Amino acid sequence: MDIQERVEIAILNKYYGKLLTEKQREILSMYVDNNLSLQEVSDELNISRQAVKDTLDKAVLTLKRTEEMLKFLSRDRKILSLLETNLDKIDESLKNKIISILEDN
């Protein structure tokens, strides 16, 4: 998994991570957030490398399928793009509220 895919998975995890099992979240966090290798995760959790890979693959598939169905990330990216291109046309107080909301995310 290259860095771009890791970033995308981290973002999907932010949106849909609560749908994963505790073990899936733990392994995904170690692999994506902490940038550990499969072997390092395996050693840390005292499970086989194959078990780590299988759990990771299933978690990533769940996140991607959920986004395919719900499209929350896609929707938010479209909204952000529209806001960014039209920010100069928005009233100042509304602009500050939007910026505040975006900073919270």
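Since the model is a prediction, treat every value here as computed from it, not as a measurement.

Quick notes on the rules
- Residues numbered from 1 in each chain as written.
- Predicted model: local features only at pLDDT ≥ 70, side-chain atom pairs only at ≥ 80, totals over all residues.
- Heavy atoms only, no water.
- Helix = DSSP H or I, 4+ residues; strand = E, 2+ residues; numbered from the N terminus.
- Rg over C-alpha atoms; globule rule 2.2 N^0.38 Å.
- Buried < 20%, exposed > 50% of the residue type's maximum accessible area, 1.4 Å probe, protein only.
- Contact = heavy atoms within 4.5 Å.
- Areas by Shrake-Rupley, 256 points an atom, 1.4 Å probe, with all protein chains shown as cover.
- Lys, Arg positive; Asp, Glu negative; His and termini not counted.
- Charge placed at Lys NZ, Arg CZ, Asp CG, Glu CD.
- Salt bridge = Lys/Arg side-chain N within 4 Å of Asp/Glu carboxyl O.
- Axes fitted to C-alpha atoms, helices over the stretch in contact; angles between N-to-C directions.
- Parallel < 35°, antiparallel > 145°, perpendicular 65-115°, else oblique.
- Left-handed = near helix turned anticlockwise from the far one by under 90°.

S.K.: Account for the overall build of the protein, naming residues and giving values.
M.R.: Counting its regular elements, the protein contains 6 helices and 0 strands. Beginning at the N terminus, the succession of helices and strands in the protein can be written as α-α-α-α-α-α. Over its C-alpha atoms the protein spans a radius of gyration of 17 Å, topping by over 25% the 13 Å that the globule rule assigns to 105 residues. Overall, the protein is about 55 × 25 × 25 Å in size when its C-alpha atoms are taken along their principal axes. Within the span of the protein, comprising 105 residues, buried residues form 29% of the whole. Across the protein, the fraction of contacts at a sequence separation of at least 24, relative to all contacts at a separation of at least 6, is 54%. Split by element, the accessible area of the protein, about 7400 Å² in all, is 52% carbon and sulfur. Here the protein contributes 17 positive and 20 negative side-chain charges, whose respective centroids are spaced 5 Å apart.

S.K.: Describe the pattern of salt bridges, and please don't skip the residues or the numbers.
M.R.: Taken as a whole and assessed by the stated rule, the structure comprises 5 salt bridges. Where R77 meets E8, a salt bridge forms, and the shortest distance between an N and an O atom there is 2.9 Å. Here R77, found in helix α5 (residues 72-86), pairs with E8, found in helix α1 (residues 3-16); they are 69 residues apart in sequence, far enough to count as distant. The exposure class assigned to R77 is partly exposed, which follows from its relative accessible area of 39%. Note that K53 is salt-bridged to D57, the shortest N-O span being 2.7 Å. Here the residue K53 and the residue D57 both occupy positions in helix α4 (residues 49-70), the gap between them amounting to 4 residues, near one helical turn.

S.K.: Can you lay out the packing of α1 against helix α2 (residues 22-33) for me, pointing to particular residues and giving the numbers?
M.R.: The description of two packed helices rests on the angle between their axes and on the distance between the axes. Between α1 and α2, the least distance of the axes is 10 Å, while the angle of their chain directions is 140 degrees. The orientation of α1 with respect to α2, classified from their angle, is oblique. Along this stretch, α1 crosses α2, giving a crossing that reads as left-handed. Residue-level inspection shows R6, I9, A10 and N13 of α1 in contact with α2, the latter providing L28, Y31, V32 and D33.

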